Amino acid sequence: MLLLAAASLVAFVLLLYMVSPLISPKPLALPGAHVVVTGGSSGIGKCIALECYKQGAFITLVARNEDKLLQAKKEIEKHSVNDKQVVLCISVDVSQDYSQVENVIKQAQEKLGPVDMLVNCAGMSLAGKFEDLEVSTFERLMSVNYLGSVYPSRAVITTMKERRVGRVVFVSSQAGQLGLFGYTAYSSSKFAIRGLAEALQMEVKPYNVYVTVAYPPDTDTPGFAKENQTKQGNFSSSIGSDGYMLSSLTCGMAPVTSITEGLQQVVTMGLFRTIALFYLGSFDSIVRRCMMQKTKSETIDKTA
Ligand SMILES: NC(=O)c1ccc[n+]([C@@H]2O[C@H](COP(=O)([O-])OP(=O)(O)OC[C@H]3O[C@@H](n4cnc5c(N)ncnc54)[C@H](OP(=O)(O)O)[C@@H]3O)[C@@H](O)[C@H]2O)c1
């Protein structure tokens, strides 16, 4: 009986997971929209810019290195869907000086019109044990990953609210949902984005401005951008089944975009928490085993 109930629950969860893309809100209307992508010269940011461009958007790429920006612009321009489309490049450090960031966003708006969607993708990761990481690493990661998302968002939000249209996307990480060994500096900077996004969503929702937090896993494939596009109407954008489980587990007081999403979270919470406890036990045992192996090899080295 218990087995049957568990099997029905799993089947229901799977069904909800499968039908959710059909029920979730539609992607933004991108043809003609002005999309600013920070970190748009490389990796995930470049893929997102490319996907938006393929859907007819005008793109502003923001990053520091001018050569990489121009290279990305050339790659993206090969995929134009009409001859009016423009890819603008802006070189600026998004984490240093708010007035500089505000100025470049103004320049971009003068050239391509008000920003319809901002994707905060500029970021970096450095891993190491807490006591081995320089204090400056914590400052740097918080500055690039957190303030580097605050500054561009702050620069576009007033116009979005005035126009009653816009979306701000924050690129966090699965390490922004789950603290992992070696990621004390990175995880905290990515967790901070979640708090910023939740509070901001509450403020701007009445103005028809929406916020999305993307939680990419530890991979970088062109397929990521496609999946991200189909989920951009949601507050939480996760990738794959691991990402789905993490997003349900860590939903807390995060807003929901549809009744289905809320229902999924309610139904799956207990099951996913049970699975998570097994994961946590396994992570703890890996860390303990590695520590014991390290201590053993240090003892052998000392006695040799
Ligand atoms: N790759 C993954 O496995 C993964 C997983 C989860 C989350 N993420 C997150 O996804 C985002 C993109 O990651 P990625 O792997 O695609 O990185 P990437 O290939 O290294 O690209 C990073 C981009 O950000 C720009 N950038 C870095 N610091 C900047 C700054 N201070 N000001 C302006 N631009 C800056 C870089 O250009 P310049 O260096 O020229 O400035 C580059 O365009 C990051 O936020 C990362 O934390 C990545």
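Everything below is about the structure printed above this text.
These numbers were taken from a predicted model, which means no experiment stands behind them. (Residues numbered from 1 in each chain as written. Predicted model: local features only at pLDDT ≥ 70, side-chain atom pairs only at ≥ 80, totals over all residues. Heavy atoms only, no water.)

**Digging into helix α4 (residues 98–112)**
In step 1: Taking 1.5 Å per residue as the helical rise, α4 with its 15 residues ought to reach 21 Å, and the 21 Å between its terminal C-alpha atoms agrees with that figure.
In step 2: Buried residues of α4: Val101, Val104, Ile105, Ala108, Gln109 and Leu112, and no others. What you see down the axis of α4 is that its buried residues fit within an arc of 145 degrees, all on one side.
In step 3: Buried residues along α4 sit against β1 (34–38), β2 (58–63), β3 (87–91) and α5 (135–163).
In step 4: Immediately downstream of α4, the backbone of Gly113 shows phi near 90 degrees, a positive value. (Helix = DSSP H or I, 4+ residues; strand = E, 2+ residues; numbered from the N terminus. Expected span 1.5 Å × (residues − 1). Buried < 20%, exposed > 50% of the residue type's maximum accessible area, 1.4 Å probe, protein only. Arc of directions from axis to C-beta. Contact = heavy atoms within 4.5 Å.)

**Thoughts on the packing of aromatic side chains**
Each aromatic ring pair is characterised by the separation of its centres together with the angle its planes make.
In step 1: Under the definition given, this model contains five aromatic pairs.
In step 2: Between Phe130 and Phe138, the ring centres sit 5.5 Å apart and the planes meet at 85 degrees, which makes this aromatic pair edge-to-face.
In step 3: You can call Phe130 exposed: its relative accessible area is 56%.
In step 4: For Phe138, a relative accessible area of 23% gives the class partly exposed.
In step 5: Taking 6.0 Å as the distance between ring centres and 50 degrees as the angle between the ring planes, the aromatic pair formed by Tyr279 and Phe283 counts as tilted. You can see Tyr279 and its partner Phe283 sitting in helix α9 (residues 259–303), four residues apart, about one turn around the helix.
In step 6: Judged by its relative accessible area of 29%, Phe283 is partly exposed.
In step 7: The positively charged end of Lys161 is found above the aromatic ring belonging to Tyr207, 4.6 Å away from the centroid. (Phe/Tyr/Trp six-rings, centres within 6.5 Å; stacked < 30°, edge-to-face > 60°. Lys NZ or Arg CZ within 6 Å of the ring centre and 35° of its normal.)

**A closer look at the pairing of β1**
In step 1: Counted residue by residue, β1 has five buried out of five residues, so it is predominantly covered.
In step 2: Burial along β1 is two-sided: the residues His34, Val36 and Thr38 and Val35 and Val37 are all buried.
In step 3: As defined by bridge partners, β1 adjoins β2 across five bridges and the pair is classed as parallel. Bridged to Val37 within β2 is Leu61.
In step 4: Since β1 and β2 lie parallel, the crossover through helix α2 (residues 43–54) that links them has a hand, and here it is right-handed. (Pairing = 2+ DSSP bridges. Right-handed = clockwise from strand over helix to strand, strands pointing away.)

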